[in-house]
Amino acid sequence: MEGKAYTPDEVAQIFQISKHTVYELIKRGELQAFKIGNKMRIEHAELERYKENTKAPAKKHLSEPIPIIPSLSIRLSGSHDFLVEHFIKQATNTVNLQIQPSYIGSLEGLMMLYRGQCDIAAIHLLDPTSQEYNLPFIHQLFVYESILVLRLAAREQGFIVAKDNPKKIEDFHDLTRKNVQFINRQKGAGTRFLLDSKLLSYGIDPSKINGYGNEEWNHLSAASYISRGMADVTFGIQSAASHLGLDFIPVAKENFDLVFRFTNENKQSLTKLIHYLQSNNFKNSLTDLEGYSISELGKITYQTSTTEETTC
């Protein structure tokens, strides 16, 4: 079973849902998939991971009071990350808040926050001019809104390659070799921002890279191309390489932040989440941290004056 890959039809039968729902889960990044030609496949290990993440909290003993489930559901949009997945699961079980994730990329997540279509944006956007992460974009978009930016982690980004790096890929110029097949991330992804910034700084024409136009929507899906032998290299985070037993060549360290937008309706819930993220309980729950640094976990990097009283 470990090596089996399922079709969307088979996944729909396993979970007793429609095939359309399976494709929506894949599109949002909640279920990781890879392509063989035009056919979508989902690995058995990914099904187990998804089932574990969506498992309902254990039932309380009858003598314990039954918690009141809040009617408000917090919406999180933006970049996919394994720590974000963990945070959502822990918040559901510990803080008793329901969080609905939508993994659509950093830029689109930030735009959804700007349009008031979500409550939290998960982002890692490099500004090519200042070489600063996240804040240049936030300063441009949010002028009058009540905003708080909180550091989740710093992450290692680099080349994800097959075990023992058979194509001997060491730097960005190697991506232009004719015998190297690349798989890219979608436009608007923070990883794509970083990649394009690096290509520009080295004077590399993206059209010279085989596969630059082939896009996937999350790190694990892109890395799956390498594990299946369908590509030689992708650009992504170290934890994705570790999940699939691939090799990783570090290139840069980036800041991954959560941006909270306060409204009268979500203020209490967001404040609870911020306090939980800054707590020792959450920090102690983090165990698999390869490729991450959490030395600044919970640090407030920016907030408008209207949020200062809330987070004290």
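Being a predicted model, the structure only gives us computed values, none of them experimental.

Engineer: Got a sec to walk through the sheet that holds strand S2 (residues 34-36)? Specific residues and values, please.
Structural biologist: A sheet is described by the order of its strands in space; here 3 strands give the open sequence S1-S3-S2, paired in antiparallel fashion. In this open sheet, the two edge strands, each paired with only one partner strand, are strand S1 (5-6) and S2. Direction of pairing for S2 relative to strand S3 (residues 39-43): antiparallel, over a ladder of 3 bridges. Within S3, the position partnered with Lys35 by the bridge is Met40.

Engineer: Outline the packing of aromatic side chains, supporting the account with residue identities and numerical values.
Structural biologist: For the coordinates displayed, the defined rule picks out 8 aromatic pairs. For the ring pair Phe159 and Phe235, a centre distance of 5.8 Å and an interplane angle of 65° mean the geometry is edge-to-face. In this pair, Phe159 sits in strand S7 (residues 147-161) while Phe235 sits in strand S10 (residues 233-237), placing the two residues 76 residues apart along the sequence. Each of the two residues, Phe159 as well as Phe235, counts as buried. Among the aromatic residues, those joined into a cluster by ring pairs are Phe159, Phe172, Tyr202 and Phe235.

Engineer: Give me the lowdown on the side chain of Asp257, citing residues and values where you can.
Structural biologist: Mapped onto the elements, Asp257 comes out in strand S11 (residues 247-261). Accessibility expressed as a relative area gives 1% for Asp257, which makes it buried. A distance of 2.4 Å separates the side chain of Asp257 from the side chain of Arg151, its partner in a polar contact. Sequence-distant contacts of Asp257, defined by excluding residues within four places in its chain, comprise Ala121, Ala122, Ile123, Asn134, Val149, Leu150, Arg151, Leu152 and Thr301.

The rules behind each value
Residues numbered from 1 in each chain as written. Predicted model: local features only at pLDDT ≥ 70, side-chain atom pairs only at ≥ 80, totals over all residues. Heavy atoms only, no water. Pairing = 2+ DSSP bridges. Helix = DSSP H or I, 4+ residues; strand = E, 2+ residues; numbered from the N terminus. Phe/Tyr/Trp six-rings, centres within 6.5 Å; stacked < 30°, edge-to-face > 60°. Buried < 20%, exposed > 50% of the residue type's maximum accessible area, 1.4 Å probe, protein only. Polar contact = N/O pair within 3.5 Å; in protein donor to acceptor, adjacent residues only side chain to side chain. Contact = heavy atoms within 4.5 Å.

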